Amino acid sequence: RTTRIRAERGDDFIRRHRDQPFFLYYPTTLIHGKLARTPDSVGDKPNLYADNILYMDKLVGKLVAELEGLKLREKTLIVFTGDNGCVGQQTVNGRPIDGRKGALKEGGSRVPLIVNWPGTTPAGKTSRDLVDFSDFFPTFAALAKANVPPGVTLDGHSFAPQILGRPGQPREWVYVQLHADRYVRDAQWKFTKAGDFFDMKDAPWREIPVPSDTPDAGAQA
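One structure accompanies this document, and this report is about it. No experiment lies behind these values; they were computed from the predicted model shown. (Residues numbered from 1 in each chain as written. Predicted model: local features only at pLDDT ≥ 70, side-chain atom pairs only at ≥ 80, totals over all residues. Heavy atoms only, no water.)

Let's shift gears to unusual backbone geometry. A cis geometry characterises the amide bond from Ala203 onward to Pro204, with omega recorded as 10°. Topologically, Pro204 is positioned in the loop between strand E8 (197-199) and strand E9 (208-209). A positive phi is found at Lys71, a non-glycine position, where the angle reads about 60°. Since its relative accessible area comes to 69%, Lys71 is described here as exposed. Phi angles above zero are rare outside glycine, and Lys145 is one such case at about 55°. Residue position: Lys145 is located in the loop between helix H4 (136-143) and helix H5 (160-163). (Helix = DSSP H or I, 4+ residues; strand = E, 2+ residues; numbered from the N terminus. Buried < 20%, exposed > 50% of the residue type's maximum accessible area, 1.4 Å probe, protein only.)

Following this line, the structure appears as structure tokens:
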């Protein structure tokens, strides 16, 4: 019920602000915590994981339909992402993802990031650029042509150019932390708090341990 009310209030917010610039943050609680039946679940023992994903997709679709009905779709940037990785063992292209929610492997810390802006963002393009949540503020500020407060140093890197179809200046590394555990990684290499070093060329399916005496020039660098 809470999830449905949030979606309804999102629709209402869009309608009330249709004639001015607006920012809507819509945090669905679906696919989180103890999974429960959705209004669309059928049968005595439904697949609650699949049902929750489908219902989330349905609610996001209602927001998109509201934008389309108000003729705002081509004026609106939609960003869809998650706050943590997969629940349970999931697959990508038929291969099991390494790790899950609550772990600092790819399955726990790597999340979807979908950006859609018809007529502005190139359709069907996949970017390999590194992005983390600290990048959202400078990105939205750049797209809104807002001035960042003077004297403030931001950790984030704007990916607004990539949204607009330009190369931009992607960040070289990301830092990820969960409680006292943490790691830093770039496009290929990952270094953990415990001092473990991994080659991530086969991510998100596995991280390959790299010995300290490796002869690999890239790893040494």
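That shown, we press on.
The next subject is the sheet that holds strand E6 (residues 181-185). Taken together, the five strands give an open sheet; going across it, the order is E5-E6-E7-E8-E9, and neighbouring strands pair in antiparallel fashion. Only two strands of the sheet have a single neighbouring strand rather than two, namely strand E5 (174-178) and E9. The sheet contact formed by strand E7 (residues 189-192) and E8 spans three bridges and is antiparallel. Looking at the pairing, Lys190 lines up with Phe198 of E8. (Pairing = 2+ DSSP bridges.)

It is worth spelling out the pattern of salt bridges at this point. One pass over the full model with this rule turns up eleven salt bridges. Of the charged contacts in the structure, one is a salt bridge between Glu66 and Arg15, with a shortest N-O distance of 3.3 Å. Of this pair, Glu66 sits in helix H2 (residues 48-69) while Arg15 sits in helix H1 (residues 2-16), and the two are 51 residues apart along the sequence. A relative accessible area of 17% places Glu66 in the buried class. Residues Arg206 and Asp202 are paired through a salt bridge, measuring 2.8 Å at the closest nitrogen-oxygen approach. For Asp202, a relative accessible area of 16% gives the class buried. Because the salt bridges share partners, they merge into one network encompassing Arg95, Asp202 and Arg206. (Salt bridge = Lys/Arg side-chain N within 4 Å of Asp/Glu carboxyl O.)

With that out of the way, let us pick up the environment of Asp83. With respect to the helices and strands, the residue Asp83 is situated in the loop between strand E1 (78-81) and strand E2 (91-92). According to the relative accessible area criterion, Asp83 is exposed, its value standing at 59%. Note: C-alpha distance between Asp83 and Leu113 (30 residues apart in sequence) is 10 Å. Leaving out residues up to four positions away in the same chain, Asp83 has contacts with His32, Val111 and Phe133. (Contact = heavy atoms within 4.5 Å.)

Time to look at the environment of Leu67. Summarising the element assignment, Leu67 is placed in helix H2. Considered as a pair, Leu67 and Arg18 are 49 residues apart in the sequence and their alpha carbons are 8.8 Å apart.

This part is about the packing of aromatic side chains. One pass over the full model with this rule turns up seven aromatic pairs. Judged by centre distance (5.8 Å) and plane angle (70°), the ring pair of Phe136 and Phe159 falls under edge-to-face. Separated by 23 residues along the polypeptide, Phe136 in helix H4 and Phe159 in the loop between H4 and H5 bring together distant segments of the chain. Judged by relative accessible area, Phe159 falls into the buried class, the value being 6%. Following the ring pairs from residue to residue traces out a cluster consisting of Phe23, Phe133, Phe136, Phe140 and Phe159. (Phe/Tyr/Trp six-rings, centres within 6.5 Å; stacked < 30°, edge-to-face > 60°.)

Before going further, it helps to examine the nonpolar core. In this structure, Ala7, Ile14, Tyr26, Leu30, Ile31, Tyr55, Met56, Leu59, Leu63, Leu67, Leu70 and Leu72 together form the largest nonpolar core, which totals twelve residues. Among the elements of the structure, H1 and H2 are those that each provide at least two residues to this core. Not counting the four nearest positions on each side in its chain, Leu30 is found in contact with Thr3, Asn52, Tyr55, Met56 and Leu59. (Core = buried A, V, L, I, M, F, W, Y, C linked by side-chain atoms within 4.5 Å.)

Residues lying three or four places apart along an α-helix face the same way, a consequence of the helix completing one turn every 3.6 residues. Along H4, the positions that sit buried rather than exposed are Phe136, Pro138, Thr139 and Ala141. Lining the buried residues of H4 we find E1, strand E4 (113-116) and H5. Count one or two residues on from H4 and you reach Lys145, which has phi positive near 55°.

Interpretation in functional terms is not warranted from these geometric data alone.
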